[in-house]
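Each chain is listed here by its residues.
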Amino acid sequence: HRVQPVSRRIVSQISRLAIRILFGKTIWDVNSPYRLMRASSFSSIYKIIPADTLAPNLLVSGLAGKNNLRLYEVPVRHHCRTTGEVSIQKWKLFKFSLRSFLQTFSFRLLIK
């Protein structure tokens, strides 16, 4: 039950849908910054992700699904930000998301 602006919820839903369509696997939080993975599984994924990828977490999620890795998602309690401000807002969020989507789509076209 995370409290977040509508724009961020939309970006999350579109990201989830894009990974499902492009890689064939539904993953709830495709941009999760924390994953526990076997080094051998992660290594094979990490090696093929371009260094300039804007949101590599999306590709990690997609490739984990495409490679049929065993996934177990654990709900984590969300804590609201107590310091600082969100750096990517509104127009900047849209541009970031569009660029990330285009990179993810292009990447998917390149892999088998």
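Conventions used here
Residues numbered from 1 in each chain as written. Predicted model: local features only at pLDDT ≥ 70, side-chain atom pairs only at ≥ 80, totals over all residues. Heavy atoms only, no water. Core = buried A, V, L, I, M, F, W, Y, C linked by side-chain atoms within 4.5 Å. Buried < 20%, exposed > 50% of the residue type's maximum accessible area, 1.4 Å probe, protein only. Helix = DSSP H or I, 4+ residues; strand = E, 2+ residues; numbered from the N terminus. Contact = heavy atoms within 4.5 Å. Phe/Tyr/Trp six-rings, centres within 6.5 Å; stacked < 30°, edge-to-face > 60°. Lys NZ or Arg CZ within 6 Å of the ring centre and 35° of its normal. Patch = residues over 30% accessible without salt bridge, like charges linked within 9 Å, V, L, I, M, F, W, Y side chains within 5 Å. Areas by Shrake-Rupley, 256 points an atom, 1.4 Å probe, with all protein chains shown as cover. Salt bridge = Lys/Arg side-chain N within 4 Å of Asp/Glu carboxyl O. pLDDT = per-residue confidence, 0-100. Axes fitted to C-alpha atoms, helices over the stretch in contact; angles between N-to-C directions. Parallel < 35°, antiparallel > 145°, perpendicular 65-115°, else oblique. Left-handed = near helix turned anticlockwise from the far one by under 90°. Nonpolar A, V, L, I, M, F, W, Y, C, P; charged D, E, K, R; others polar.

On to the nonpolar core, then. Counting residues in each nonpolar core, the largest one holds 15 residues, and the members touching the most others are Phe23, Ile45, Ile49, Leu63 and Phe107. Looking at this core, the elements that each hand over two or more residues are α1 (6-23) and α3 (56-66). With five residues, the single largest contributor to this core is α3. If sequence neighbours within four positions are ignored, Leu63 has contacts with Phe23, Ile45, Ile48, Ile49, Phe107 and Ile111.

Quick look at the environment of Phe105 now. Checked against the element boundaries, Phe105 lands in helix α4 (residues 90-110). What makes Phe105 partly exposed here is its relative accessible area of 37%. Put simply, Phe105 and Leu59 are 46 residues apart on the chain and 9.8 Å apart in space, counted from C-alpha to C-alpha.

The final tally for this structure, using the stated rule, is three aromatic pairs. On the basis of an interplanar angle of 25 degrees and a centroid distance of 5.3 Å, the ring pair of Trp91 and Phe94 is categorised as stacked. Here Phe94 and Trp91 lie together in helix α4, a separation of three residues that amounts to about one turn. By relative accessible area, Phe94 is classed as partly exposed at 46%. When the ring centre of Trp28 is taken as reference, the NZ or CZ atom of Arg16 above it lies at 3.8 Å.

For the rest of this paragraph, the subject is a nonpolar patch on the surface. Residues Trp91, Phe94, Leu98, Phe101, Leu102, Phe105 and Leu109 make up a contiguous nonpolar surface patch of about 740 Å² in total accessible area. We classify Trp91 as exposed; its relative accessible area is 57%.

For the rest of this paragraph, the subject is α3. Along an α-helix, residues three or four apart share an orientation, since each turn contains 3.6 residues. With respect to burial, α3 is a largely interior element, eight of its eleven residues being buried. Taken together, the buried positions of α3 are Leu58, Leu59, Val60, Ser61, Gly62, Leu63, Ala64 and Gly65. Buried positions along α3 lie against α1, α2 (39-46) and α4.

Here we come to unusual backbone geometry. Outside of glycine, negative phi angles account for most residues, and trans bonds account for most peptide bonds. Residues other than glycine seldom take positive phi values, yet Asn68 does so here, at roughly 55 degrees. Here Asn68 is to be found in the loop between α3 and α4.

This part is about the confidence of the model for the protein chain. Residues at a pLDDT of 70 or more form 98% of the protein chain, whose mean pLDDT is 87. By mean pLDDT, the top-scoring element of the protein chain is α3 (93), and the lowest-scoring one is α1 (90).

Attention now goes to the packing of α1 against α3. A pair of packed helices is characterised by two quantities: the angle between their axes and the separation of those axes. With their axes 9 Å apart at the nearest point, α1 and α3 run at an angle of 40 degrees to one another. The pairing of α1 with α3 is recorded here as oblique in orientation. In the packing of α1 onto α3, the handedness of the crossing is right-handed. The residues of α3 that touch α1, namely those facing Ser15, Ile19 and Phe23, are Leu58, Leu59, Ser61, Gly62, Leu63, Gly65 and Lys66. In the contact of α1 with α3, the residues fall into five nonpolar, four polar and one charged.

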